[in-house]
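Here's the letter readout for the chains.
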Amino acid sequence: CLFGSPNKNKFAICRDVTSSFFGCYIHYDTNNEEWIQSRSATGEGGFGKRLDMQGKRANADRNDDNSNFYHLFPHSNSARSENNAKDGVFEYLVPHIGAYFICNDIAVLKAFSKDYGEEGGIFFYSDEDKRRVLGTDFSVKL
């Protein structure tokens with residue numbers, strides 16, 4: 001099974017050696033033993049910067065944009081960790097690399113945030129998807 005236990009698949013854990021890589025990753029919840037959230041790292045700084053930003057957001061006492069991810073998985077140091085609706089805490093999540101590449105070409109990185117119908121895009125985005133991509137804090141957003 002593609003998404004079986006991390007012990008039974010080939011997804012590498014995001015570590016310092018891969019922090020400057022770009023691509024997509026998925027979180028494994030070690031407490032509930034399930035895969036929960038896929039993300040991409042295509043902005044400046046790659047996986048390292050994206051994961052650092054996620055840690056800061058999880059640690060924040062406020063969730064101003066009402067992100068479901070940070071609502072369900074606040075850091076245990078956050079005032080939001082007292083939330084009864086949470087699924088766990090951020091510390092239980094281990095990011096695994098689904099696919100990665102090494103790139104210094106900003107035009108290539110921008111292709112990951114564009115719709116196929118746009119020049120150079122590679123994904124098919126709904127209007128809601130486009131709104132969410134444009135609302136991210138990636139330095140290469142459109």
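Our structure is the block above this text.
Being a predicted model, the structure only gives us computed values, none of them experimental.

### Some thoughts on the sheet that holds strand β3 (residues 34-41)
Note: strands within a sheet are paired through backbone hydrogen bonds, in either parallel or antiparallel orientation.
Step number 1: On the basis of which strands lie adjacent, the open sheet formed by four strands has the order β1-β4-β2-β3 and antiparallel pairing. Both edges of this open sheet fall to β1 (12-13) and β3, since each of them pairs with a single strand only.
Step number 2: In this fold helix α1 (residues 46-59) packs onto β2 (22-29), β3 and β4 (93-101), with an angle of close to 40 degrees to the strand it touches most, β2.

### Points about α1
Step number 1: Over its 14 residues, α1 extends 20 Å from the first C-alpha to the last, a length consistent with the 20 Å expected when each residue adds 1.5 Å.
Step number 2: The set of residues buried in α1 consists of Gly 46, Phe 47, Arg 50, Leu 51, Gln 54, Gly 55 and Ala 58. Considered in projection along α1, the buried side chains sweep an arc of 160 degrees and stay on one side of the axis.
Step number 3: For α1, the secondary structure elements touched by its buried residues are β2, β3, α2 (68-72) and β4.

What counts, and where the lines are drawn
Residues numbered from 1 in each chain as written. Predicted model: local features only at pLDDT ≥ 70, side-chain atom pairs only at ≥ 80, totals over all residues. Heavy atoms only, no water. Pairing = 2+ DSSP bridges. Helix = DSSP H or I, 4+ residues; strand = E, 2+ residues; numbered from the N terminus. Contact = heavy atoms within 4.5 Å. Axes fitted to C-alpha atoms, helices over the stretch in contact; angles between N-to-C directions. Expected span 1.5 Å × (residues − 1). Buried < 20%, exposed > 50% of the residue type's maximum accessible area, 1.4 Å probe, protein only. Arc of directions from axis to C-beta.

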